[in-house]
Every structure is written in structure tokens, then in C-alpha cells.
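Structural characterization, general
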Amino acid sequence: MDFELSDEQRLIRSQVRELCDEFGDDYWREMDLNHEYPVEFFEAFADDGWCGITIPEEYGGQGYGVQEASLVQQEIARSGAGMAGTSITAHHTFSTEPLVAFADEEHKERYLPEIADGAVQVCTGVTEPNAGTDTSRIETTAERQGDEYVVNGQKIWTSKAQEADVIMVLVRTEPRESTDRFGGLTLFFTDFDRDAAGVDVAEIPKAGRGASDSNEVWFDDFRVPADDRIGEEGAGFRYLLRFANTERIALASNAVGVGQAAIEKAAAYADDRVVFGNPIGSYQAVQHPLADSWAKLEQDELMVRKAAWLYDADRDCGAEANAVKLRASEDALEACERAVRAHGGMGYASEYDVERYWRETMINVIAPISNEMVKNYIAEHVLGLPKSY
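Summary of the structure given here. Numbering of residues starts from 1 in every chain and runs along the sequence as written. Owing to the predicted nature of the model, reporting of local features is limited to residues with pLDDT of at least 70; listing and counting of side-chain atom pairs is limited to 80 or more, with chain, interface and lining totals taken over all residues. Side-chain metrics rest on all non-hydrogen atoms present in the structure, leaving aside hydrogens and water.

1. A few points about helix α12 (residues 371-382)
- The end-to-end C-alpha distance of α12, which contains 12 residues, comes to 15 Å, matching closely the 16 Å that a straight helix rising 1.5 Å per residue would cover.
- Each residue gets one of three labels from its accessible area relative to the maximum for its type: buried under 20%, exposed over 50%, partly exposed in between, using a 1.4 Å probe on protein chains only. Only runs of H or I of at least four residues qualify as helices and only runs of E of at least two qualify as strands under DSSP, and these elements are numbered from the N terminus. Those residues of α12 that fall on the buried side of the exposure criterion are Asn371, Val374, Asn376 and Ile378.
- The contact criterion used throughout is that any non-hydrogen atoms of two residues lie within 4.5 Å. Here the buried face of α12 lies against α9 (318-342) and α11 (363-366).
- Positive phi shows up at glycine 384, right after α12, with a value of about 75°. Expected span of a helix, by definition, is 1.5 Å for each gap between consecutive residues, and there is one gap fewer than residues.

2. Some thoughts on the packing of aromatic side chains
- Classification of ring pairs rests on two measures: the distance between centres of Phe, Tyr or Trp rings, Trp counted by its six-membered ring, which must be within 6.5 Å, and the angle between planes, read as stacked under 30 degrees, edge-to-face over 60 and tilted in between. For the coordinates displayed, the defined rule picks out 11 aromatic pairs.
- Consider the rings of phenylalanine 102 and tyrosine 239, whose centres lie 4.5 Å apart with planes at 25°: the pair is stacked. One end of the pair, phenylalanine 102, is in helix α5 (residues 97-102); the other, tyrosine 239, is in helix α7 (residues 236-272), and 137 residues separate them in sequence.
- Take phenylalanine 102: its relative accessible area is 28%, and that puts it in the partly exposed class.
- What makes tyrosine 239 buried here is its relative accessible area of 4%.
- Ring geometry for tyrosine 149 and phenylalanine 188: centres 4.9 Å apart, planes at 70°, overall edge-to-face. Separated by 39 residues along the polypeptide, tyrosine 149 in strand β3 (residues 148-156) and phenylalanine 188 in strand β5 (residues 185-191) bring together distant segments of the chain. You'll find tyrosine 149 and phenylalanine 188 in the same group, each marked buried.
- Cluster of aromatic residues (ring-pair linked, three or more members): Phe23, Tyr27, Trp28, Phe41 and Phe45.

3. Quick word on the nonpolar core
- Residue types Ala, Val, Leu, Ile, Met, Phe, Trp, Tyr and Cys, when buried and joined through side-chain atoms within 4.5 Å, form a set referred to as a nonpolar core. Formed by 68 residues in total, the largest nonpolar core has its most connected members in Phe41 and Phe189.
- Among the elements that take part in this core, α7 stands out by supplying 9 residues, more than any other.
- Residues in contact with phenylalanine 189, not counting those within four places in the same chain, are Ser95, Leu99, His107, Tyr111, Ile115, Val122, Val166, Ile167, Met168, Asp228 and Ile230.
- If you look at the next biggest cluster of nonpolar residues, it comprises 20 residues, including Ala77, Met83, Ala261 and Cys336.

Next up, the structure:
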């Protein structure tokens, strides 16, 4: 593995940075305060071809790997867009992985070209109120009726459901008690019409990411074509694992970017703000925490590259993906808190943006899986310790 970015990867980073420069903190602050979906940013992202970065070229994408996609996500987060900016774009670059890897040719051709050019918005429905982290206990069902499945149940924390045109959704096609723990789960990638019969969507008010909606979704006899099933019936959890590792890598990339943005803001403020006759950045009580966070985020960025490289090389990356999610999320949250503290009272003011970074990065330590569960995974699967839950 080469720790240096290739010329092509550096070009991707610079192009995304150039795009994001058109949408700075002022733009994202307004979107957050008004809880407004950033249509202009998404359209610019799509027009530049980034929606299809991980989609194979034969379906209209760019055919890059998770290494390049994570660079895109990091730069978006670092630009001031934070977790809101990455939330509205990550579904295109990461949620399509099971479709690309396991769907039949007709299924891919039906959805991937439109996703690649940004013509449709994507959301994902996995989490449920009564299941939480234990995906084996999801209760949303899909019953086969001829050439359709009839879906009933509820999903929660479905990002972008207010805008989405298509959804990747995990459902139960066989009772839990009649199969093994993760058997009987089936994955679909299908049309999602919020105004169609059998669908109800309600937004969840939350602490951060005001520019990116999170929702509850109810299905009541919602009909899905059997042709929109990914792979075999009952094998959905296995397919979802491919998405889970990329999701952890993506989240770590986002966290690194937000943390870096916060430290850069804090350093600039500390260099400019004069108290007791000196810039506050000249005091070790201010500069040491910022320097410590900078070093941690640099290490996290290298961990992201390793996990993404392993994934792209089709090697096992479960331990690395979980480890970097753990470390990057904790380090980014610490960096954002330190940035708020470095600003003093103004760190609590919206106009300096670090409070927004702080609110948004909290999600990284608790989703899509809590860091406590990540530690359980490492203890059991890496260290060989007894299962603790």
C-alpha cells in the first residue's frame, strides 16, 4: 500500500475542493438554520459527475473505488458542509454497493444510470424502532404475491426520504424463529414514491444536520416488483454487509473532514483573537489541544486509506473499517469541542460555525452503530474474547 495519493486521486481532491468552494460556511449555516435541503449543492455535485464515482463505467459512472469516494466525502465535510453535505451525497456513492455487486443485469440497468447522473435521489431503509442495532430483529415484512412483494412495517432514521425517488430497503421474508439469526432477510432496491399508496413519511426533529432530513417511514401494503429484489430471497443480510463496511469507512472520512475544518477554524481564530495583549494562540492551554487533535486526525486519515484500500482490493476489512469508525468519530468530536472552547463564548454563536460542526459530528459516535458495539466487535472478532452482549 502506498500512503501517497496518486496524481489522479490528488486531482479528484482538488476538483471536489473547487466545487465546494462555491458553497462555503455561509451557505451551509443558512441551510442548517432554515432546515432547507441544499438543492443547489446537490445539483452542482451531480452536474460534475460525482454521483456516479463508484458506479461502473458501463452504467454511466466513473468506476472508482472506495478510496476515491472517501476522498470526496472528506473534502465535502471539510469545506464547511459537515455531515449534512456528506449525508445527501453518500447514498449515491455507497448505498449502491449491494446493487452493483449482487443485482442481476436488468436490475442494474434499470437504476444505476439514473443514479450516476444524479437524475434520482437515493435513500436507505434498514433501522427499525424495536430492532435498533440488532438487525436480526427487524419486523418489516414482505410477502410474495405473484410477481410482487407486499411490504408492511416501519423504518426509522431514513435520511433523504423527503426527496428520494428510490430506496434500498431490508425486509423480512421469513419468520425469525424459522431460520437462523440473520436468515430470512431480503434486500430490495426499488422505486420510492412518497405520495404512492402504502407509504407515509414523517421527518424527525434532531440536534444537527438541519439541511439533511431524517425520517420515519411506514409501509402499509406497499407493493414492490419481484424484479427489484437484490439477489436471492433470504440472503439480504449477507449482501448488506458489503454496504456496512463502506458505510463505516465513509463515516470515518466524514468525521476526519469535519474535525479538520473545526481545527482550521479554531487555529485561525486563536491566531487573530487578542486577549491580555497577546493572540490567544500563543498560550499553550489553547494551542496544545488543537495540535493534539490535528495529529489524531492525521492518523485517522491514514487509517481511512488503509481500510478503503483493503476494501478495494477485495480483502477482509471488517476490523479496519470498524476501528477507523471508532477512532475518527471520537477524535472528530473531541476536535469540534476543542474548537468551540478555543473560540470561548463566540464558539457558541452560529456565525462562527464550530457549534454546528460540534452538533453534527455527535452523530458519528452513535450511528450507524454505536462505538460501544464497535468495541464489542473488535473484542470478539479481533481479540478472540467471549461475546459480551
